[in-house]
Amino acid sequence: MEMASTCSIDRVLLDLESLLNSFQDRYVPDGVLAAIERMKFLKTFVMCARKWSQSNDLYLESDNVVKKVSLPSFLSCIEDTFHKYEEDIHSLSHRSETDEYGMFFEIEEQIKLLKQEIIQIYFALASSRSLQSNSCMTDDELMEFIDLILQNLADLTNDYMHPQISESFVYAILSAQVQALEAKLTFLKSFIPFAKLRGTADIPTSLLAHFEVVALNAARLSYMCSFREDEDLHNLDLCCMVYEQQQKITPIDFQVYEIFMEVLRATRSSKSLHDRMMDKQILNNFNDSLISCLWELLCCSSSFMDSMKDEMRILYAGLRFLRSILREQQEKMDEQNEKIGSLLSEAGIIICSPSLNRVKGGEVSFSESTDALDCYDMLANTNIHIEHFKDQISGSSIIETIPSFHSLRAPEVSKTSHRMLSKGQMPITHEVMVGLDDDAAKVIERLIWGADQVEIVPIVGMAGLGKTTLAKKVYNDSSVICNFHIRLWCTVSQAYNMKNVLLQILCSDGKHSRKDDKLKNLDEHALLEKLYKKLKENRYLVVFDDVWDIKVWNELGISLPDDKKGSRIIFTSRSSNVALQVEYGGKPHYLHPLSEKESFELLQKKVFGEEDCPQALHGLGMEIAKKCRGLPLALVVVAGVLATIEHDICVWEKFAESFTSTTVADAEQCKKSMELSYGHLPYHLKACLLYFAAFREDEKIGAKELMCLWVAEGFVEIIEGKRSEDIAEEYLMDLIGRNLVMVSENRSIGGVKTCYVHDLIFEFCKGEAKEKKFLQVLRGYDELSTFNEPPNLPRLSICSNGEDFIKSKLFCPHLDTLLFHDATLGDKFELRDISFLFCIYKHLKVLNLEGIILRLKELPAEVESLLCLRYLALRALFMEFIPPSIAKLSHLETFSLNSFEAVSLPDSIWNMEKLRHVHVRPGVVIPLSSDDSGVENLSNLETLSALFLYLDEEGENLLRRIPNVRRLKIFDLGEQNRVCCNMSRLACLESLAWLGSYSSGSWEHVELSFPMNLKKLSLSGLALPCRKMSLMEQLPNLEVLKLRAQSTEGQKWELMEGGFPKLRVLTLEYVQIVEWTEADPDSDDYFPCLQQLKLRSISKLEMMPSCLGRISTLETIKMNGCGDGVKSLVREIEEAQEYNGNENLKIIIID
């Protein structure tokens, strides 16, 4: 009789998926999702069972009871069971809305009833196979079966992402086993077509029979895992069983290895393939599988001798090279692919050797295994063959150059048009100025008006912003020409000669020639004197363009007289530092990038001159202009190309698609400009600047994080008596002063909070870092999968998603620094197991995993292998425990962890003497050792954020053990026999954030004290009585005070006279104060330095201190969500400020 088919199951599954799609963004009932998943697993079983339906009856054993099963009858039963649901589900799938979901739970229950028998049938089928058995499946059918199992495993992986499952402590184990099964099946799936392409028309039946057993066991295991119930989430027995079963599944074992080798060797001397087109994708898939298998061996390479490890790494690099070749377009593809196929056959024989895998598993030592030693010779020979193939490749041009717009050299781009350029297409060569009118007006005003004494007007900005263009515009302005008797100009540049500079100045008015022998024969001193006499008693304007060093000004200054006639000097520089050092220097005039509108206007004028951009190209022009990020130099370079290519929408579209900031940065004009800035840096700053390439483009980088990284990398000079962080901050401010690094946000107590670099500088850093082998940046799967670690590469920055990183099987064991970024910016880069990182990258000094979400509750103990580590940053949403073995990282200076759970640090942390910065969100619990005599102080710890503790005697004892902490965040867990809270012992503490669990009246009888060195204080939930506010008012160095929700208790806060002597920023958020007054309303001895007052969600306030209307330093009052009464009080302060002469006070209201 005709065997049962998958028809009913296929139709039910199709209708279920149609129903799923109909929900779109609406909530999908769990029953629908569960039914679909169960049906997919059932479909896999039915497809498999059909192939054995002609075989003898099966005998299934359960609980010592043997049961005979007929497969045809069992399949018919399944068909009948789901046939009755077909019509109802089909009807539901065509309705837009329904609430009839009861049947889905019935379907799920029906499948559960079949669970045990299906698992037993899989086992019985696998057990019945032997090497002498004929295969029940053709190779194509086996491939289809493997595909279905792989889809089931992928569904399992997605299922494990469910919040209830993903954070269970067995999750990582189960997930790892699923991935191991996927790798084994993927190998089989890639091997079968590869063998056929190599000339094996029919895979030997014994080998196919073995592959069937592997697939059956994998299907059984995946089916078992699919019925993992909630109660099994913490079942270690399940994990152990799955692990043991998975380990027994071996794609190539001793029994079939000889046959496997014969298949791979079969066509080495065959000529039958020479006239066949080999499928590049099949070669690539098999190569990927071999790389994956070899990567597993390398991760366990401690079992192998050093010479074997070296050869394995060479083979790994060779296979990745072949991967890159297979991805390129090739000439002579048949010939090259045949050679690659031959090399892959050699590699497969070695990598799949059961002897090597036994060594890897620890079953036998390498030196004791004769077969494993034989593999060494084979491996060395294969590496020689791959190297020979490399030489052939490099000696020929089999890889085609694909035409593209990856360069901004006009001749290459102009290949898109075979016609001569029309007049309208010629580049505009004259000076075009856009967006400089306001800047010019401000500079001209400073030149013409102001004091009579000589004054310098510095024009400052990063390379390419138009400093010289602005200076020329001002220099040639009619009002400037009329105002000055003499105007002189010289370009100084980085490498200047003082005599040449003087000759330039003296000849720039056109009255002398630089070839004038009288001038040329004068020495520097005589030229300085001649310049002095020329300018004496005249109102002069001298422009020094492109000044890099204060030294030039120091030498020229004596020749620039000050006759109190309103003379002016302009100099342009990339460095704010130079501008601020000049005598008579006024405030620098900073240039900023153009707006998007101005950028397009400049591009349009440079490309089309006086004509308008054609409407059809307008959108593309805007898109291209936007990519230049407001930098005039970049716009001019791009315009030079656009002006020389055909003004056709298709040509411009192609250019816009390929155009990036890398394209501009590679242009000769931009590159030279960047090289000048970079070349002028001292050695230590060069490393610091190039390090910006490790981050994402346009990323706003935390300054403190950056400085800790610089310290860990060893960029920061060690100077006795100075903190490394202070020296690193000097480095950062130097780079900012040179306009190479931009400030994104400042800190409230001074200093930089976040910073970034312009796209062009970023691209320059990336290219320079790669060229100098300082740092390599890998983005996306293409770069990850073909990258081989070059000799002496210290740093690697990876921007990828999790799937691509896992697939790439990267192996770079000699790295010092490994940084990860999520390419998607959507929290999609997840790893469930990071032990392999600790196994491979044992020499790391810096490991930043903040770009990855770790699905772990505990940091793996294998972290102890990173003995050189100085910087460790992690993000694991539900991590709660750090193992005691972390104390073995004796060089660790910075530890950062972002979690949603409170994290318990081990008491061994007290032995980590070099630890300087601990950042854990939301906070950490640190126990004191039970043996106090063995507990050390963390004398070097400067940052601890955030610490959960009771501020009782034990809490204070803990704080004593961090005597030099400078930044501290505390979560006060409440009162526990609290009588005194003395924090004044923390003499170095500068920043304190103190959060409490609100408890009214809890501080009434507690003695409280703060450290005198505090500069920043933030309080929340402490319920401090208002009368204790005087403790803060007396702090002599306090600059920033933030009083947040429930920080105070009471309705009246009276300021003490002379309080807050250095306070610059005061923030009140959600406080319930009604009366805020001062002790003496007529006194001005309050808030002498206050600059900013910030009020948020303040509704009850009825009185504010009158002194706020008289404080001359007050710059802004910002209100957010405050009541009308508070707004009226602020308006009164504004009126009082205006009355007292402060008309610049800014009032910002956000409702």
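Parameters at a glance
- Throughout this document, residue positions are counted from 1 along each chain, in the order its sequence is written.
- Totals for whole chains, interfaces and linings use all residues, but because this is a predicted model, local features are given only for residues with pLDDT of at least 70 and pairs of side-chain atoms are given and counted only at 80 or more.
- Only hydrogens and water are set aside when side-chain values are computed; all heavy atoms of the structure are taken into account.
- In DSSP terms, a helix is any run of H or I states spanning at least four residues, a strand is any run of E spanning at least two, and both are numbered starting from the N terminus.
- Each residue's exposure class comes from its accessible area (1.4 Å probe, protein chains only) as a fraction of the maximum for that residue type: buried when under 20%, exposed when over 50%, partly exposed otherwise.
- Any two residues having at least one pair of non-hydrogen atoms within 4.5 Å are treated as being in contact.
- Methods summary: accessible areas were calculated by the Shrake-Rupley approach with a probe of 1.4 Å, and residue burial reflects only the protein chains presented.
- DSSP-based pairing: two strands are paired if at least 2 bridges between them are found.
- Salt bridge criterion: a side-chain nitrogen from Lys or Arg within 4 Å of a carboxyl oxygen from Asp or Glu.
- Only C-alpha atoms enter the line fits that serve as axes; for helices the fit covers just the stretch in contact. Angles between N-to-C directions range over 0 to 180 degrees.
- Expected span of a helix, by definition, is 1.5 Å for each gap between consecutive residues, and there is one gap fewer than residues.

> Where do I start with the overall build of the chain in this structure?
Looking only at helices and strands, the chain has 40 helices and 35 strands in total. Split into buried and exposed, the 1151 residues of the chain put 53% on the buried side. Contacts in the chain between residues at least 24 apart in sequence constitute 69% of all its contacts with a sequence separation of at least 6. If you sum the accessible surface of the chain, you get close to 51300 Å²; carbon and sulfur atoms cover 48% of it.

> Would you explain the pairing of strand 33 (residues 1092-1096) in this entry?
Each regular strand displays side chains that alternate between the two surfaces of the sheet. Burial along strand 33 is one-sided: Leu1093 and Leu1095 are buried, while Gln1092, Lys1094 and Arg1096, pointing the other way, are not. Note that strand 31 (residues 1065-1069) and strand 33 share five bridges and pair parallel. Each bridged residue has a counterpart across the sheet, and for Val1065 the counterpart in strand 33 is Gln1092. For strand 33 and strand 34 (residues 1116-1120), the ladder comprises five bridges, and the chain directions are parallel. The residue of strand 34 that forms the bridge with Gln1092 is Thr1116.

> It is not clear to me how the pattern of salt bridges should be interpreted in this structure. Could you clarify?
Per the stated rule, a full pass over the model turns up 30 salt bridges. As a salt-bridge pair, Asp437 and Lys473 come within 3.5 Å of each other at their nearest N and O atoms. Note that Asp437 is positioned in helix 17 (residues 437-448) and Lys473 in helix 18 (residues 467-475), a separation of 36 residues in sequence. Asp437 sits in the exposed class, given a relative accessible area of 55%. In this structure, Glu1069 and Arg1044 form a salt bridge, with 3.1 Å as the shortest nitrogen-oxygen distance. Highlighted residues: Glu1069 in strand 31 and Arg1044 in the loop between strand 28 (1040-1043) and strand 29 (1048-1049), separated in sequence by 25 residues. With a relative accessible area of 14%, Glu1069 lands in the buried category.

> Help me understand the sheet that holds strand 10 (residues 752-756), please; the structure alone is not making it clear to me.
By way of backbone hydrogen bonds, the strands of a sheet pair with one another, either parallel or antiparallel. Ordered in space as 8-10-9, the three strands form an open sheet in which the pairing is antiparallel. Edge positions in the sheet fall to strand 8 (701-702) and strand 9 (742-746), since each has one partner strand and no second. As judged from the four bridges shared by strand 9 and strand 10, these two strands associate in the antiparallel manner. In the strand pairing of strand 10, Met742 is matched with Tyr756.

> What's the story with the sheet that holds strand 5 (residues 540-545) in this structure? I'm lost.
Reading across the sheet, the five strands line up as 4-5-6-3-7 and stay open at both edges, with parallel pairing between neighbours. The open sheet is flanked by strand 4 (486-491) and strand 7 (589-590), the only strands paired with a single partner. Here four bridges tie strand 5 to strand 6 (residues 568-573), and the two strands are oriented parallel to one another. When the bridges of strand 6 are listed, Val542 appears paired with Ile569. Contacts from helix 17 reach strand 3 (455-460), strand 5, strand 6 and strand 7, with the element oriented near 165° to strand 3. Contacts between helix 22 (residues 524-535) and the sheet are confined to strand 4 and strand 5, with strand 4 contributing the most and set at about 150° to the helix.

> Just to check I follow, could you spell out unusual backbone geometry for this structure?
Most peptide bonds take the trans configuration, and most residues that are not glycine carry a negative phi. In this chain, Arg921 is followed by Pro922 through a cis amide linkage whose omega measures 5°. Within the secondary structure, Pro922 sits in strand 20 (residues 917-925). Of the consecutive residues Ser945 and Ala946, the connecting peptide bond is found in the cis state with omega at 0°. Take Ala946: it is sitting in strand 21 (residues 943-949). A positive phi angle, close to 65°, is found at Asp546, a residue other than glycine. When you line up the elements, Asp546 lands in the loop between strand 5 and helix 23 (550-556).

> Just to check I follow, could you spell out the environment of Asp698 for this structure?
Here Asp698 lies in the loop between helix 31 (683-690) and strand 8. We classify Asp698 as partly exposed; its relative accessible area is 29%. Asp698 sits 61 residues away from Asp759 along the chain, and the two C-alpha atoms are 6.8 Å apart. When neighbours within four sequence positions are excluded, Asp698 is seen to be in contact with Arg629 and Asp759.

> How should helix 25 (residues 596-608) be read in this particular structure?
What sets the pattern is the α-helix's 3.6 residues per turn: residues three or four places apart point alike. When the terminal C-alpha atoms of helix 25 are compared, their 18 Å separation across 13 residues agrees well with the 18 Å that a helix rising 1.5 Å per residue should span. Residues of helix 25 that are buried: Ser599, Phe600, Leu602, Leu603, Gln604, Lys606, Val607 and Phe608. Just downstream of helix 25, Gly609 is the residue with a positive phi angle, here 65°.

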